[in-house]
Amino acid sequence: MLAHDMAMENNGTFLLRIEDIDQSRARPEWEQQIYDDLTWLGLWWPDPVMRQSQRHAAYQAALDQLWNDVLLYPCLCSRKDIEQAASAPQEGATIGPDGIVYPGTCAGSVNPYEPGELPYERPLRLDIEKATRITCAHEVRPDHPWTSTFSFCEHQHEPHGIRNVTAEHLIANIGDVVVSRRDMRTSYHLSVVVDDAAQGVTDVIRGEDLLDATPIHVILQKLLRYPTPRYHHHRLIRDDQGKRLAKRDDARALSKYRSEGATPNDIRRLVGLPEL
């Protein structure tokens, strides 16, 4: 609702995108509920709706570019391997936007693959140290007219709604994130960056729980020569105990409020937005 309001207030367009790269969590009835709920709330978006499961060629092109720029490496570690390495006494586990920050086990391994031989059978990680060094030094196509003044090399005053962050912070607290999962051949981080650029997105409205993921997306935009949108991070909806409402906790669904006779304006009041 906040994204829709901001788009309408600025004579923009609110976009709906079906992010279904994880087919194990995709169901036609759940997708239909999205359409039904958002329509009931009074939201409007143009058709056709972009569907990520139909965009693997675009994601592969982005991965090819990153791979050929020697910014990715294949990872052989299991989740258990990562947990054990990160919990070693001399290390200690650091939690980032994707869970335990990867300890870099495979980063220094000999890469048996050649440029153009993208090993989709392995998870692919972004070398965050090399990526930040390149973006800070503007080594990616020096003739490229940078579209963003945001830099991870020094402190800034949140020009894109991102809190101040340094390259050192990214390396220590985010690490080498996965940009292509073996079963998806992409990832959330990569797909949203590619799709935002393809759709000409100028403003991204997302929850503050994604605050630590946003710098990853800005880095990928720089590496892929994409423009950087403005980012707005809103507060989360919480229960009386301050716990975030989420599907995994069986939080109340809009359909339940609807069945109990609530109106769209009731929902807007509930989350602190002005009535229509």
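What counts and how
- Residues numbered from 1 in each chain as written.
- Predicted model: local features only at pLDDT ≥ 70, side-chain atom pairs only at ≥ 80, totals over all residues.
- Heavy atoms only, no water.
- Salt bridge = Lys/Arg side-chain N within 4 Å of Asp/Glu carboxyl O.
- Buried < 20%, exposed > 50% of the residue type's maximum accessible area, 1.4 Å probe, protein only.
- Phe/Tyr/Trp six-rings, centres within 6.5 Å; stacked < 30°, edge-to-face > 60°.
- Helix = DSSP H or I, 4+ residues; strand = E, 2+ residues; numbered from the N terminus.
- Pairing = 2+ DSSP bridges.
- Axes fitted to C-alpha atoms, helices over the stretch in contact; angles between N-to-C directions.
- Contact = heavy atoms within 4.5 Å.
- Parallel < 35°, antiparallel > 145°, perpendicular 65-115°, else oblique.
- Left-handed = near helix turned anticlockwise from the far one by under 90°.
- Nonpolar A, V, L, I, M, F, W, Y, C, P; charged D, E, K, R; others polar.
- Expected span 1.5 Å × (residues − 1).
- Arc of directions from axis to C-beta.
- Core = buried A, V, L, I, M, F, W, Y, C linked by side-chain atoms within 4.5 Å.
- pLDDT = per-residue confidence, 0-100.

## What about the pattern of salt bridges?
Then comes step 1: Throughout the structure, instances matching the rule amount to 13 salt bridges.
Then comes step 2: Between Lys 256 and Glu 260 there is a salt bridge, with the nearest N and O atoms lying 3.4 Å from each other.
Then comes step 3: For Lys 256, a relative accessible area of 39% gives the class partly exposed.
Then comes step 4: The class of Glu 260 is partly exposed, set by a relative accessible area of 49%.
Then comes step 5: Three or more residues joined by partner-sharing salt bridges are found here, namely Arg 17, Glu 19, Arg 55, Asp 195 and Asp 196.

## Focus on the packing of aromatic side chains
Then comes step 1: Counted by the stated rule, this structure contains 1 aromatic pair.
Then comes step 2: Arranged with centres 6.4 Å apart and planes meeting at 25°, the rings of Tyr 35 and Trp 45 form a pair that is stacked. Here the residue Tyr 35 occupies a position in helix H2 (residues 28-40), and Trp 45 occupies one in the loop between H2 and strand S2 (50-51), the gap between them amounting to 10 residues.
Then comes step 3: For Trp 45, a relative accessible area of 11% corresponds to the buried category.

## Side note on the sheet that holds strand S3 (residues 72-74)
Then comes step 1: Pairing is antiparallel in the open sheet, where 3 strands are placed in the order S3-S6-S7. Both outer strands of the open sheet, S3 and strand S7 (178-180), are each paired with one neighbouring strand and no more. Averaged over neighbouring strand pairs, the angle between their axes works out to 40° when direction is ignored.
Then comes step 2: The sheet strands contacting helix H3 (residues 56-68) are S3, strand S6 (124-126) and S7, and the helix crosses S3 at an angle near 95°.

## Some details on the packing of helix H7 (residues 188-198) against helix H8 (residues 214-223)
Then comes step 1: The interhelical angle for the contact between H7 and H8, taken along N-to-C directions, is 55°, at an axis separation of 10 Å. One way to sum up the angle between H7 and H8 is to call them oblique. As for the relative orientation of H7 and H8, their crossing is right-handed in sense. Only Ile 216, His 217, Leu 220 and Gln 221 of H8 make contact with H7, whose side of the interface consists of Tyr 188, His 189, Leu 190, Val 192 and Val 193.
Then comes step 2: Class assignment for the residues of the contact of H7 with H8 results in 6 nonpolar, 3 polar and no charged.

## Brief notes about H3
Then comes step 1: With 13 residues, H3 ought to run about 18 Å at 1.5 Å a step, and its terminal C-alpha atoms sit 18 Å apart, in line with that.
Then comes step 2: What H3 keeps buried is the set Tyr 59, Ala 62, Leu 63, Leu 66 and Trp 67. Projection of H3 onto a plane perpendicular to its axis shows the buried side chains occupying an angular sector of 135°, all on one side.
Then comes step 3: Where H3 is buried, its residues meet S3, S6, S7, H7 and H8.

## With respect to the nonpolar core
Then comes step 1: Core analysis: the largest hydrophobic core is formed by 29 residues, its most contacted members being Leu 66, Leu 72, Leu 126, Val 179, Leu 190 and Leu 223.
Then comes step 2: Mapped by element, the contributors of at least two residues to this core are H3, S6, helix H5 (128-137), H7 and H8.
Then comes step 3: Here Leu 72 is in contact with Leu 63, Leu 66, Trp 67, Leu 124, Arg 125, Leu 126 and Val 179, once residues within four sequence places are set aside.
Then comes step 4: Listed in part, the 11 residues of the second largest apolar core include Phe 14, Tyr 35, Leu 43 and Ile 267.

## So, the confidence of the model for the protein
Then comes step 1: Per-residue pLDDT for the protein has a mean of 83; in total, 82% of the residues score no lower than 70.
Then comes step 2: Overall, residues 139-161 carries pLDDT values under 50, and its contacts beyond four positions in sequence, including any with other chains, amount to 48 contacts.

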